[in-house]
Amino acid sequence: MSNSSQAKSGPCLEVRGLKSIRDDRVLFSDMHFSLSPGHALQIEGPNGSGKTTMLRILCGLGVPTEGEILWNGIPIDEDRAAYAAGMAFIGHAHGIKSELTPLENLQVAMAMENTREDVSLEEILQRVGLRGFEDVPARTLSAGQCRRVAMGRLFMSRAKLWILDEPFTALDVEGQAQIEKMMVDHVTQGGMVILTSHHPLQLADGMLQTISLRK
């Protein structure tokens, strides 16, 4: 299958001249790239090189020193609602409520977010390897299991663009394979993924670009 047939029409992300300075140190500068449906971007670099800072800027949670980010040709500052509706972010924090069960966390997400209707919550939990843990309070789950709940929220989202900070953290080999498959499926079905990780995604040639930051 060609890349053109894999990529579906939809919004694109464009980054122009992005620069970030922290504590008088330039983390990155003159950063240019674009991402279209059916493609992924992997950001690599040692700790302290600015990977998380870049993701926070791409999510609209941080402000760049210079440069701009466009979503479907429009600067994200001019239409935050449209960008927020098309983007989903998972950072180091899992973003789940510890007093709720995995199933209840997904139910809350369904009530508050624009979610898919073609898959059940039970199917999502099975997809991320949490079958049998549906009714267990999240506070009793391991870090890897909490990560799976967060990825379940991501999977049920209608967002075209997934931005993920170290998504494989705390996951065992099986969990990493499950989450990787979710991301690869999302991209091949016309979605977009930006992630920080040293774990290479198994995507066809031309579907994955890499940016390396230096400390």
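Residues numbered from 1 in each chain as written. Predicted model: local features only at pLDDT ≥ 70, side-chain atom pairs only at ≥ 80, totals over all residues. Heavy atoms only, no water.

1. Things to note about the nonpolar core
Then comes step 1: Of all hydrophobic cores here, the largest spans 37 residues; its most connected members are Met-151, Trp-162, Leu-164, Met-183 and Val-193.
Then comes step 2: Of all the secondary-structure elements, those providing two or more residues to this core are β6 (87–90), α4 (102–112), α5 (121–127), α6 (143–156), β7 (161–165), α7 (173–188) and β8 (192–196).
Then comes step 3: Per-element accounting of this core gives the leading share, seven residues, to α6.
Then comes step 4: Residue contacts for Val-193: discarding those within four places in its chain leaves Leu-35, His-39, Ala-40, Leu-41, Leu-161, Trp-162, Leu-164, Met-183, His-186 and Val-187.
Then comes step 5: Judged by nonpolar contacts, the second largest core, of 26 residues, contains Val-15, Leu-41, Tyr-83 and Met-87. (Core = buried A, V, L, I, M, F, W, Y, C linked by side-chain atoms within 4.5 Å. Buried < 20%, exposed > 50% of the residue type's maximum accessible area, 1.4 Å probe, protein only. Helix = DSSP H or I, 4+ residues; strand = E, 2+ residues; numbered from the N terminus. Contact = heavy atoms within 4.5 Å.)

2. Points about the sheet that holds β8
Then comes step 1: Spatial strand order, β6-β7-β8-β3-β9: five strands in an open sheet with parallel pairing. Pairing within the sheet leaves two strands with one partner each, and these edge strands are β6 and β9 (208–212). The average angle at which neighbouring strand axes cross in this sheet is 15°, direction not considered.
Then comes step 2: Two elements, strand β3 (residues 39–44) and β9, share five bridges in a ladder whose sense is parallel. (Pairing = 2+ DSSP bridges. Axes fitted to C-alpha atoms, helices over the stretch in contact; angles between N-to-C directions.)

3. Points about the packing of aromatic side chains
Then comes step 1: Scanning the model with the defined rule gives one aromatic pair in all.
Then comes step 2: Sitting over the face of the ring of Phe-155, Arg-116 holds its NZ or CZ atom 4.6 Å from the ring centroid. (Phe/Tyr/Trp six-rings, centres within 6.5 Å; stacked < 30°, edge-to-face > 60°. Lys NZ or Arg CZ within 6 Å of the ring centre and 35° of its normal.)

4. Describing the packing of α6 against α7
Then comes step 1: Across the interface, α6 lies against α7 with an axial gap of 11 Å and an inter-helix angle of 15°. If you check the angle between α6 and α7, you find them roughly parallel. Relative to α7, α6 is oriented so that their crossing is left-handed. Contacts between α6 and α7 involve Arg-148, Met-151 and Phe-155 from the former and Glu-174, Gly-175, Gln-178, Ile-179 and Met-182 from the latter.
Then comes step 2: Split by residue class, the contact of α6 with α7 holds four nonpolar, two polar and two charged. (Parallel < 35°, antiparallel > 145°, perpendicular 65-115°, else oblique. Left-handed = near helix turned anticlockwise from the far one by under 90°. Nonpolar A, V, L, I, M, F, W, Y, C, P; charged D, E, K, R; others polar.)

5. A short note on the environment of Pro-200
Then comes step 1: With respect to the element layout, Pro-200 can be found in the loop between β8 and β9.
Then comes step 2: Given a relative accessible area of 46%, Pro-200 falls into the partly exposed group.
Then comes step 3: In the structure, Pro-200 is positioned 20 residues away from Glu-180 in sequence and 9.2 Å away in space, judged by C-alpha atoms.
Then comes step 4: Here Pro-200 is in contact with Gln-42 and Glu-180, once residues within four sequence places are set aside.

6. Section: the confidence of the model for the protein
Then comes step 1: Summing up the model confidence of the protein, the mean pLDDT is 90 and the portion of residues at 70 or higher is 95%.
Then comes step 2: When pLDDT is averaged over each helix and strand of the protein, the minimum, 40, is found for helix α1 (residues 3–6) and the maximum, 97, for strand β4 (residues 66–71).
Then comes step 3: Under a pLDDT of 50 for its full length, residues 1–7 has, in the predicted model, 11 contacts with residues more than four places off or in other chains. (pLDDT = per-residue confidence, 0-100.)

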